[in-house]
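In case you want the letters, here they are:
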Amino acid sequence: MYAEVIVDIAHSQVDKIFEYSCPDGLKTGSRVKVPFGGRVIEGFVIDVSPNCSIPPEKVKPVKEVFEELPALVPECFSLMERISSRYRVPKAAALRLFLPSEMRLGKVREIYKKYVKINNTDAPISKTARKQAEALEFLKGAGEYGYTELCQQFGRGAVNSLLQKGAIISEERRIIRNPFSEVDGSGEFKTLTPAQNAAIESIENTDKRVHLIHGVTGSGKTEIYLQLIANQLKLGKTAIFLVPEISLTPQMLAQLRARFRGEAAILHSGLSAGERFDEWWRLRSGEAKIAIGARSAVFAPLENLGVIIIDEEHDLSYVSETAPRYSTVEIAKIRAEYNGCKLVLGSATPSVESYLQADTGRYNLITLKDRINKKPMPEIIISDMRREVKRGNNSAFSAALREELDKTLKSGNQAIIFLNRRGYSQKIICRDCGYAAKCESCDVTLTYHSEENCLKCHYCGAKYKVPAACPECGGVHIRYSGTGTQRVVSDLNALFPAARILRMDNDTVSGKDGHYKVLHKFAQKEADILVGTQMIAKGHDFPSVTLVGILDADMSLQFADYRSGERTFQLITQVAGRSGRAEEKGKVVLQTYSPENYILRYAVAYDYDGFFKNEVSVRKTTFFPPFSLICRVMVTGGDNDRAVEALREVYEKTEKLREDNPSEFIFSGRMHSPIKKIQGKYRYQVLMRLKSRALLQKIYDIASACSTPAVLVYVEENPANLS
Ligand code: ADP
Ligand code: ZN
């Protein structure tokens, strides 16, 4: 037999299929070791057949087969084709998406543990071998026991001679590492409300492939997802459940474990290599049937999918920022089609793009207008910070927010303070000459971190000493400006000395359960106030939170990006949605320097429809997505001259394309990227706004033709981040 193999080298020059002879019974999807150019490397078997296209004497044999059960599910191959042609990546790079990276590099294997138990009670044991007799006696009571543990108690010599005599026997068994073993939810399926029942019925009985649940925060979307999954499991099918942030996975895992026990597996970039491998394998082998995770879990190795759920579908983290720059929703649609299953998108603030699909009837739209038990939405109070400044209040908190915080603390409830800036101060600036400390490898200003007393670059993580004097002019009048989360915590400590405060941002959470620990503490009411960045905005359900403070609601409005209004609306609605979810009524204080802004007005009134209609009409008349496609060709390299040269080449080619297709282009230009340098790489771009996707593949062609090892050229479609 012959195997068609894709070698695991993600390079366009070897992006083809190689043939090897193989043993009978080798299965498609297996990982193998094959000879290749004088080396032995890993490869993936994509087909097995009795024929070969090259002369038999030239065919080399497969050296080794990794697993009995092929690692790749059959669906991978059609997805691989789609991904590699859609996003212009080698097939091997597409296949890598389906495997945990540690497994590919052979760094982790399954682990085994040796157990012993009684075999023959009549085996002769000499009277002097007291330890042996004791061990035997112990095993009679214990039944089966770990070999290592038994040796620790009775000595290796005693245990080994019992084994030799056949008095006991040993057996090796695979051990499954269990991540988040402390995460264990309680809770049964709830009796669904009529609205929830209607939603499920609509999803299960409508022929459409994609469903969008637009449900206000606290409307019980999670319960709908869980019921949809349960229904599919009953039919013998499997499910994928995606959440936008890894910080949300343990919380969802708790809910899934409460209902589905070991049938839920978590794919999480924070897991140890071994844990991730074992969870992945539980899914592949069919032991687990539900995959939960962030973006990359859309590639979970499940067969026979019954439903794919994407919670908080509007979240920008669903677009990959590294090659291949795939859209999770797009991949999910392909998988849903292949499996003939449903794709369910859910959000309190659907993306304009998805809502338009629903509005025009391509998606099935389900609307949940009310919170569970008709609980009112929290009242949003606007604090005009311009007035606060006029009144002499230069602190980070308005008078209204301070008063509400005071009331909340006195009543024993909890508060969340939201601010999308890490660190203590955003910038340090010399008052004499205006110098602002910048990173040496990145074109960005540094943030002061009080805990480590250093300046940090938020793009590359570099740390710098705090200068005592200005490096430019020697002046010593250094100003710290712009409040970050650390500063907010210390200011709150000063204002409310008795309050227990937790902080959650990239600096406070590390390791796989860093997020979980902070959130768990807050949920257990071991703190009164939680201060955090957008990590705390999403999805969390804390019943005792009755106040949310949004310190700087305008910040995301300042981005020069067509999505900035949409993002601001989403952020305010999501953060506000954390307040007043249980018995007591919630409040939100929203601090802003532009209270008249219409986006804020819609958000305060919880008027998604108004926001959507307005946004759609603006984008339609100005030709912005989804009524056009923004396409950015990024050119980055460590050598500025070579990067500029590549930029010129890209631009010449796209200009040619524009001359040939003038009606497709709304705009095109070449320029520095807004951040001119990151991690020592100069950044340039050709930015285009196109009427449709018609020329997209040609632009990918241009990018791959101009990309070299020295200067990377790649395409971004409607990038989430235009910096
Ligand atoms: P969403 O995901 O829409 O923000 P959740 O699913 O978190 O909302 O539900 C909000 C709250 O309502 C949760 O505390 C949840 O346990 C509760 N809940 C949901 N469905 C029901 C139901 N059918 N009966 C009682 N409580 C429910
Ligand atoms: Zn840097």
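Going by the structure above, here's the rest.
Keep in mind that what you see is a predicted model, and the values were worked out from it rather than measured.

Visitor: Would you explain the packing of aromatic side chains in this entry?
Guide: Any pair of aromatic rings gets described here by the distance separating the centres and the angle formed by the planes. Per the counting criterion, the structure on display carries 19 aromatic pairs. On the numbers, 5.0 Å between centres and 80 degrees between planes, the contact of Phe-18 with Phe-36 is edge-to-face. Of this pair, Phe-18 sits in strand β2 (residues 18–21) while Phe-36 is found in strand β3 (residues 31–36), placing the two residues 18 residues apart along the sequence. Judged by centre distance (4.3 Å) and plane angle (5 degrees), the rings of Phe-569 and Phe-611 are stacked. With Phe-569 in helix α17 (residues 564–576) and Phe-611 in helix α19 (residues 608–622), this residue pair connects regions lying 42 residues apart in the sequence. The class of Phe-569 is buried, set by a relative accessible area of 2%. Overall, Phe-611 belongs to the buried group, its relative accessible area being 2%. Put simply, the rings of Tyr-355, Phe-569, Tyr-608, Phe-611 and Phe-612 pair up and form one aromatic cluster. The aromatic ring of Tyr-147 is capped on one face by Lys-114, whose charged end is 4.3 Å from the ring centroid. Over the ring of Phe-623 we find Lys-691, and its NZ or CZ is 5.8 Å from the ring centre.

Visitor: I keep staring at the coordination of the zinc ion (ligand 2) and nothing clicks. Help me out?
Guide: Between any two of four tetrahedral donors, the ideal angle at the metal is 109.5 degrees; between two of six octahedral donors, it is 90 or 180 degrees. For the zinc ion (ligand 2), every protein donor is listed as Cys-439 (SG), Cys-442 (SG), Cys-457 (SG) and Cys-460 (SG), and the spread of their distances is 2.3 to 2.4 Å. For the zinc ion (ligand 2), the four donor atoms in the first shell make angles of 107 to 112 degrees at the metal, so the coordination geometry reads as tetrahedral. Written as a sequence motif, the donor residues of the zinc ion (ligand 2) are C-x2-C-x14-C-x2-C. Of this pair, Cys-442 sits in the loop between β18 (425–430) and β19 (447–449) while Cys-457 sits in the loop between β20 (454–456) and β21 (463–464), and the two are 15 residues apart along the sequence. Of the residues examined, Cys-442 reaches a relative accessible area of 2% and is grouped as buried. Among the residues examined, Cys-457 registers a relative accessible area of 2% and is labelled buried.

Visitor: It is not clear to me how helix α16 (residues 514–523) should be interpreted in this structure. Could you clarify?
Guide: Spacing of three or four residues puts side chains on the same side of an α-helix, whose turn is 3.6 residues. Where α16 is concerned, the buried positions are Gly-514, His-515, Tyr-516, Val-518, Leu-519 and Phe-522. Its buried side turned inward, α16 meets α9 (249–260), β17 (414–418), β23 (501–504), β24 (529–532) and β25 (545–550).

Visitor: What is the right way to look at the pairing of strand β14 (residues 342–347) in this model?
Guide: Side-chain positions along a regular strand alternate between the two faces of the sheet. The buried fraction of β14 amounts to six of the six residues, a majority that puts the element mostly inside the structure. Because side chains alternate across β14, one face comprises the buried residues Lys-342, Val-344 and Gly-346, and the other comprises Leu-343, Leu-345 and Ser-347, equally buried. Two strands pair when backbone bridges link them, and strand β9 (residues 210–215) and β14 are joined in this way by five bridges, in the parallel orientation. Of the residues in β14, the one forming a bridge with His-211 is Val-344. In the sheet, strand β13 (residues 305–311) pairs with β14 via five bridges, with the strands oriented parallel. Across the sheet, the residue bridging to Ile-309 is Val-344, located in β14. Once the chain exits β13 it traverses helix α11 (residues 328–339) before rejoining the sheet at β14, and the crossover so formed is right-handed.

Visitor: In this structure, what is going on with unusual backbone geometry? I would like to understand it.
Guide: Both trends apply: most residues other than glycine have a negative phi, and most peptide bonds are in trans. Looking along the chain, the bond that leaves Ala-323 and enters Pro-324 is cis, with omega of -10 degrees. Following Pro-625, the chain continues to Pro-626 via a peptide bond in cis, the omega torsion being 5 degrees. With a phi close to 50 degrees, Asn-453 is a non-glycine residue in the positive phi region. Along the polypeptide, Asn-453 turns up in the loop between β19 and β20. For Gln-679, which is not glycine, the phi dihedral falls at a positive 50 degrees.

Visitor: Would you explain the sheet that holds strand β7 (residues 145–146) in this entry?
Guide: Either a parallel or an antiparallel arrangement is found when strands of a sheet pair, and the pairing is made through backbone hydrogen bonds. Spatial strand order, β7-β6-β8: three strands in an open sheet with antiparallel pairing. Since the sheet does not close on itself, it has two edges, and those belong to β7 and β8 (168–175), each with one partner. In this structure, strand β6 (residues 111–118) lies alongside β7, joined through two bridges in antiparallel fashion. Counterpart to Tyr-115 in the pairing with β7 is Gly-146. In this fold helix α4 (residues 130–142) packs onto β6, β7 and β8, with an angle of close to 105 degrees to the strand it touches most, β6. Strands in contact with helix α6 (residues 156–165) are β6 and β8; relative to β8, the strand with the most contacts, it is inclined by about 105 degrees.

The rules behind the values
- Residues numbered from 1 in each chain as written.
- Chains lettered and ligands numbered in written order.
- Predicted model: local features only at pLDDT ≥ 70, side-chain atom pairs only at ≥ 80, totals over all residues.
- Heavy atoms only, no water.
- Phe/Tyr/Trp six-rings, centres within 6.5 Å; stacked < 30°, edge-to-face > 60°.
- Helix = DSSP H or I, 4+ residues; strand = E, 2+ residues; numbered from the N terminus.
- Buried < 20%, exposed > 50% of the residue type's maximum accessible area, 1.4 Å probe, protein only.
- Lys NZ or Arg CZ within 6 Å of the ring centre and 35° of its normal.
- Donors = N, O, S within 2.8 Å, 3.2 Å for Na, K, Ca; no water.
- Tetrahedral: all angles 85-135°; square planar, octahedral: opposite > 155°, others 65-115°.
- Contact = heavy atoms within 4.5 Å.
- Pairing = 2+ DSSP bridges.
- Right-handed = clockwise from strand over helix to strand, strands pointing away.
- Axes fitted to C-alpha atoms, helices over the stretch in contact; angles between N-to-C directions.

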